[in-house]
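# Reading the structure
Each chain is listed here by its residues.
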Amino acid sequence: MFKMLHDAYGVQKDSKFTYGLAKDCINFLGARYPTRPLLVDEYQNFTPTVLRELLHLQERCGFALLLAGNTHRLAGTRRDTHAMDQIESRIGMRFEIGQPTREDCIRIGVEHNVEGTDSYEAIAV
């Protein structure tokens, strides 16, 4: 995760070890991007350790953190529920976005100039 943040933000890599990579990210992001949000998609695939480190980074640097993903991991059934509960209790807000309704699908079709009743039915399906 820290290597991905290094690549995404252009942080100079001064270390090969997790602690050093985390310290580099904290120093770089905390000094330069205090209000720029960080979007993390598919966060449910992170281990509890990775999520803890990500939250630690967010707390130290003070940037907005947006976690997006499914409720549970898609691969495998093992979950450290205690650690996940602890992490989720520290997340400020939670929004669950359901599937689009038929009306939502029709509005999408109208916005994109879809023509024909069959086309609208196909979008809704």
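A short tour of the structure in this document, coming up.

About the thresholds
Residues numbered from 1 in each chain as written. Predicted model: local features only at pLDDT ≥ 70, side-chain atom pairs only at ≥ 80, totals over all residues. Heavy atoms only, no water. Helix = DSSP H or I, 4+ residues; strand = E, 2+ residues; numbered from the N terminus. Buried < 20%, exposed > 50% of the residue type's maximum accessible area, 1.4 Å probe, protein only. Contact = heavy atoms within 4.5 Å. Areas by Shrake-Rupley, 256 points an atom, 1.4 Å probe, with all protein chains shown as cover. Pairing = 2+ DSSP bridges. Right-handed = clockwise from strand over helix to strand, strands pointing away. Lys, Arg positive; Asp, Glu negative; His and termini not counted. Salt bridge = Lys/Arg side-chain N within 4 Å of Asp/Glu carboxyl O.

What follows concerns the overall build of the protein. Of the regular secondary structure elements, the protein holds 6 helices and 2 strands. Listing every helix and strand of the protein by position from the N terminus yields α-α-β-α-β-α-α-α. The 125 residues of the protein split such that 25% are buried. Residue pairs at least 24 apart in sequence account for 59% of intrachain contacts in the protein once pairs closer than 6 positions are excluded. For the protein, the exposed surface amounts to about 9300 Å²; the carbon and sulfur share of it is 52%.

Within the fold, Asp-104 resides in helix α5 (residues 102-111). When its relative accessible area of 27% is taken as the criterion, Asp-104 is described as partly exposed. In the structure, Asp-104 is positioned 19 residues away from Ile-123 in sequence and 9.8 Å away in space, judged by C-alpha atoms.

Moving on to the environment of Gln-44. Within the fold, Gln-44 resides in the loop between β1 (38-41) and α3 (48-61). Sequence-wise, Gln-44 and Ala-68 are 24 residues apart; in three dimensions their C-alpha atoms are separated by 8.3 Å.

With phi around 60 degrees, Glu-42 is a residue other than glycine that occupies positive phi space. Structurally, Glu-42 can be placed in the loop between β1 and α3. Of note, the phi angle at Asn-113 is positive, near 55 degrees, even though the residue is not glycine. Secondary-structure assignment places Asn-113 in the loop between α5 and α6 (117-124).

Before going further, it helps to spend a moment on the pairing of strand β2 (residues 65-68). Note: β1 against β2, 4 bridges, orientation parallel. Counted as the bridge partner of Leu-38 is Leu-65 from β2. The parallel pair β1 and β2 is bridged by α3, and the resulting crossover is right-handed.

Turning our eyes to something else, we now look at the side chain of Asp-24. Take Asp-24: it is sitting in helix α2 (residues 18-32). As a buried residue without a salt bridge, Asp-24 has its nearest oppositely charged side chain in Lys-23, at a separation of 6.9 Å.

Tallied over the entire structure, the rule returns 2 salt bridges. Arg-102 is paired through a salt bridge with Glu-121; the nearest N and O atoms lie 3.3 Å apart. One end of the pair, Arg-102, is in helix α5; the other, Glu-121, is in helix α6, with 19 residues separating them in the sequence. With relative accessibility at 40%, the residue Glu-121 sits in the partly exposed group. Where Arg-107 meets Asp-104, a salt bridge forms, and the shortest distance between an N and an O atom there is 3.5 Å. Placement of both Arg-107 and Asp-104 in helix α5 is noted, with a separation of 3 residues, approximately one turn of the helix.

All quantities given are derived from atomic positions and should not be read as evidence of function.
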